[in-house]
Amino acid sequence: MIPVAEPEITEQDIFLVNEALKSGWISSAGKYLDLFEEKWSAYCGMPYGIAVSNGSVALDVAIELLDLQAGDEVIMPSFTIISPAQSVVRAGGVPVLVDSDPATWQMDVTQLESKVTSRTKAILVVHIYGHPAEMDTVLDVARKFNLTVVEDAAEAHGAEYKGRKCGGLGDISTFSFYANKLITTGEGGMVLVRSPEMAERARSLRNLCFQKKQRFLHDELGYNFRLTNPQAAMGVSQIKRIETIVDRKRNIAASYNELLAGVEGISLPKEELWAKNVFWVYGIVLDEKTGIDAADLSEMLRNRGIETRPFFLGMHLQPVFQKMGLFRDECYPVAEFLGRQGLYIPSGLTITERQILQVADSIKDCLP
Ligand SMILES: Cc1ncc(COP(=O)(O)O)c(C=O)c1O
């Protein structure tokens, strides 16, 4: 089976993780944690980084920083993973969904302003599959209505909008360092913020809201969302080669672009003129005229030894939210189309040119 993604662990990663283990700092204090936070926030152009245990809890912290009151609204795309939506719902807020742009698969920002109400507190952007969302419009609408901008940049390590890094464009941003991400710590995440007050609060939330002066006196309920020093050591090691990793992902995408160019019945990932796409995954979307959907193609490719993953299923279609009475009768046609017709193909860092060729040939074979 050609896997859809596979992490690349180098000798340097192993060396630094061993260093962390040998130092005895194996929990959530240690020099690699500080270094990881410093290096990642500097790379993204944000002043403060708070490392946490994964990208989902990074979003929990980010949303908690918004201090939502029950019923406050956060605008976000329907086409995304559940993590950002569940963070908002758990915090008592209401996700207000926006459909996607059919070309870039990102949130359709032309619909943003019409979604703002007196209850809107924030716009949560998700940079999907490695391509940035169109941020100028997001920032303009946020400025006009005094909204906070949260970027979920879990899938966009190193991606750029007009030359600036994703995760360095809004007020708060979050990352995942899960094994399939460009930079991985096994499990891991980070929250980046601009204000020192938010940084302090996020650090406190991450660590059970222990107080500096009187440790076991609590003003607020926190969490144990801590990352460990050996995990951070792996992150530090990986950041050293981020440019190589980004180049590799872009080269894999360039190979697929070349091999699949002009193939009838599929659309390939875009890269807008203002964007640097890091192609976290390489997605393809099947034309409905082919008469097959993503599940059909996935099954055919599986039979040829090729693993794929379906695209996201829109948040408005999730039974868990429907049971809560959310998104009743809402319809986001582009998100639904992408969920039905989109899938992504193997593009992990360890894939070979031969495997890429095999995947591309198999796709051509499978198309009617
Ligand atoms: C856009 C997005 N946000 C959040 C997450 C959650 O990250 P984690 O799996 O580290 O909890 C993911 C995971 O893939 C993601 O793709």
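Counting restarts for each chain, with residues numbered from 1 along the sequence as it is written. At least 70 in pLDDT is required for a residue's local features to be given in this predicted model, at least 80 for side-chain atom pairs to be given and counted, and no such filter applies to totals for whole chains, interfaces and linings, which use all residues. In computing side-chain values, all of the structure's heavy atoms are included and hydrogens and water are not.

A. Spatial organisation of the sheet that holds strand 2 (residues 73-77). Pairing between strands requires that DSSP locate at least two bridges from one strand to the other. For the purposes of this entry, the term helix denotes a DSSP run of H or I that reaches at least four residues, the term strand denotes a run of E that reaches at least two, and both are numbered from the N terminus. Read from one edge to the other, the open sheet built from seven strands follows the order 1-9-8-5-4-2-3, with strand pairing classed as mixed. Where the open sheet ends on each side, the last strands, each with one partner, are strand 1 (48-52) and strand 3 (94-98). Averaged over all neighbouring strand pairs, the angle between strand axes comes to 20 degrees, with direction disregarded. Here five bridges tie strand 2 to strand 3, and the two strands are oriented parallel to one another. For helices, the fitted line uses only the C-alpha atoms of the stretch in contact; every axis is such a line through C-alpha atoms, and the angle between N-to-C directions lies from 0 to 180 degrees.

B. Focus on the site of the ligand. We define proximity as follows: a residue is near a molecule or strand when any one of its heavy atoms falls within 4 Å of that partner. For the ligand, the full set of nearby residues is Asn54, Gly55, Ser56, Leu59, Ile81, Ser83, Val126, Asp152, Ala154, Glu155, Ser176 and Lys181. We call two N or O atoms a polar contact when they sit within 3.5 Å, provided that within protein one can donate a hydrogen and the other can accept it, with sequence-adjacent residues counted only if both atoms are side-chain atoms. Between the ligand and Asp152, the relevant distance is 2.6 Å, taken from a nitrogen atom to a side-chain nitrogen or oxygen of the residue. At 2.7 Å from an oxygen atom of the ligand is found a side-chain nitrogen or oxygen belonging to Lys181. Surface accessibility follows the Shrake-Rupley procedure with a 1.4 Å probe radius. Residue values consider only the protein chains on display as shielding. When isolated, the ligand has an accessible area of 390 Å², and the protein chains bury 90% of it.

C. Here's a closer look at the packing of helix 3 (residues 55-64) against helix 4 (residues 82-90). Contact pair helix 3 / helix 4: the axes reach a minimum separation of 9 Å and the direction vectors enclose 40 degrees. Here helix 3 runs over helix 4; the crossing is right-handed. Side by side, helix 3 and helix 4 meet where Ser56, Leu59, Asp60 and Ile63 of the first sit next to Ser83, Pro84, Ser87 and Val88 of the second. In this classification, the charged set is Asp, Glu, Lys and Arg, the nonpolar set is Ala, Val, Leu, Ile, Met, Phe, Trp, Tyr, Cys and Pro, and all remaining amino acids, among them Gly, are polar. Here the contact of helix 3 with helix 4 is built from residues that sort into four nonpolar, three polar and one charged. Crossing handedness: left-handed means the near helix sits turned counterclockwise from the far one by under a right angle, and right-handed means the same turn made clockwise. Whether two residues are in contact is decided by their heavy atoms: any pair within 4.5 Å suffices.

D. Geometry of the sheet that holds strand 10 (residues 266-267). An order of 10-12-14-13 is seen for the four strands of this open sheet, with the pairing classed as antiparallel. Taken across any chain shown, the strands that pair with only one partner, and hence form the sheet edges, are strand 10 and strand 13 (309-310). Here four bridges tie strand 12 (residues 282-286) to strand 14 (residues 342-345), and the two strands are oriented antiparallel to one another. Within the sheet, the bridge partner assigned to Gly283 lies in strand 14 and is Tyr344. Sitting on the sheet, helix 8 (residues 242-260) is in contact with strand 10, strand 12 and strand 14, with an inclination near 25 degrees to strand 12.

E. Structural context of the environment of Ser23. If you trace the backbone, Ser23 turns up in helix 1 (residues 11-23). Put simply, Ser23 and Asp219 are 196 residues apart on the chain and 34 Å apart in space, counted from C-alpha to C-alpha. From its side chain, Ser23 meets the backbone nitrogen of Trp25 in a polar contact 3.2 Å long.

F. Local environment of the nonpolar core. Within this scheme, the nonpolar core is defined by two criteria: the residues are buried Ala, Val, Leu, Ile, Met, Phe, Trp, Tyr or Cys, and they are joined through side-chain atoms within 4.5 Å. Working definition: with a 1.4 Å probe on protein chains only, accessible area under 20% of the residue-type maximum means buried, over 50% means exposed, and in between means partly exposed. Among the nonpolar cores identified, the biggest contains 78 residues, and Phe36, Trp40, Phe79 and Tyr129 are the most heavily contacted of them. With 26 residues, the next largest nonpolar core counts Leu268, Leu343, Ile345 and Leu367 among its residues.

G. Representation of the packing of aromatic side chains within the structure. Two rings belonging to Phe, Tyr or Trp (six-membered ring only in the last case) form a pair when the distance between their centres is within 6.5 Å. Interplanar angles under 30 degrees mark stacking, angles over 60 mark edge-to-face geometry, and anything in between is tilted. With the rule as written, the count across this model stands at 21 aromatic pairs. Centroid distance Trp40 to Phe177: 5.6 Å. Interplanar angle 85 degrees. Geometry classified as edge-to-face. Residue Trp40 is located in helix 2 (residues 31-44), and its partner Phe177 is located in the loop between strand 8 (172-176) and strand 9 (189-193); the two are separated by 137 residues in the primary sequence. A single burial state applies to Trp40 and to Phe177, both of which are buried. An angle of 5 degrees between the planes, with centres 4.4 Å apart, marks the rings of Tyr223 and Phe225 as stacked. By relative accessible area, Tyr223 is classed as partly exposed at 28%. The buried category is assigned to Phe225, whose relative accessible area is 10%. Chaining the aromatic ring pairs together yields one cluster made of Phe79, Trp105, Tyr129, Trp280, Phe311, Phe312 and Tyr344. Cation over ring: Lys165 sits above Tyr43, and NZ or CZ is 4.7 Å from the ring centre. Seen from the ring of Phe210, Arg215 lies directly overhead, with NZ or CZ sitting 3.8 Å from the centre. Remark: a charge is flagged as sitting over a ring if the NZ atom of Lys or the CZ atom of Arg is within 6 Å of the ring centre and within 35 degrees of the ring normal.

H. Focus on helix 11 (residues 333-341). Among all positions in helix 11, only Val334, Ala335, Leu338, Gly339 and Gln341 are buried. Residues of helix 11 that are buried in the fold lie against strand 12, helix 9 (294-303) and strand 14.

I. Focus on the packing of helix 9 against helix 12 (residues 353-366). At their nearest, the axes of helix 9 and helix 12 sit 10 Å apart, and the two run at 125 degrees to each other. Regarding the angle of helix 9 to helix 12, the classification is oblique. Every pair of crossing elements has a handedness; the one defined by helix 9 and helix 12 is right-handed. Together, Leu297, Met300 and Leu301 of helix 9 and Ser362, Ile363 and Cys366 of helix 12 make up the contact between the two elements. Its residues assigned to classes, the contact of helix 9 with helix 12 comprises five nonpolar, one polar and no charged. With respect to orientation, any angle under 35 degrees is reported as roughly parallel, any angle over 145 as roughly antiparallel, any angle of 65 to 115 as roughly perpendicular, and every other angle as oblique.

J. Looking closely at the environment of Pro3. Within the secondary structure, Pro3 sits in the segment before helix 1. Counting along the chain gives 88 residues from Pro3 to Ala91, while the straight-line C-alpha distance between them is 36 Å.

K. Just the pattern of salt bridges, in detail. Salt bridges are counted wherever a side-chain nitrogen of Lys or Arg sits within 4 Å of a carboxyl oxygen of Asp or Glu. Summed over the entire model, instances satisfying the criterion amount to 14 salt bridges. The residue Arg206 makes a salt bridge to Glu37 at a minimum N-O spacing of 2.8 Å. You can see Arg206 sitting in helix 6 (residues 196-206) and its partner Glu37 sitting in helix 2, a full 169 residues away along the chain. Judged on exposure class, the residue Arg206 and its partner Glu37 are both buried. Between Glu307 and Arg309 there is a salt bridge, with the nearest N and O atoms lying 3.4 Å from each other. With relative accessibility at 17%, the residue Glu307 sits in the buried group. If you follow the salt bridges from partner to partner, you end up with Glu37, Arg203 and Arg206 in one network.

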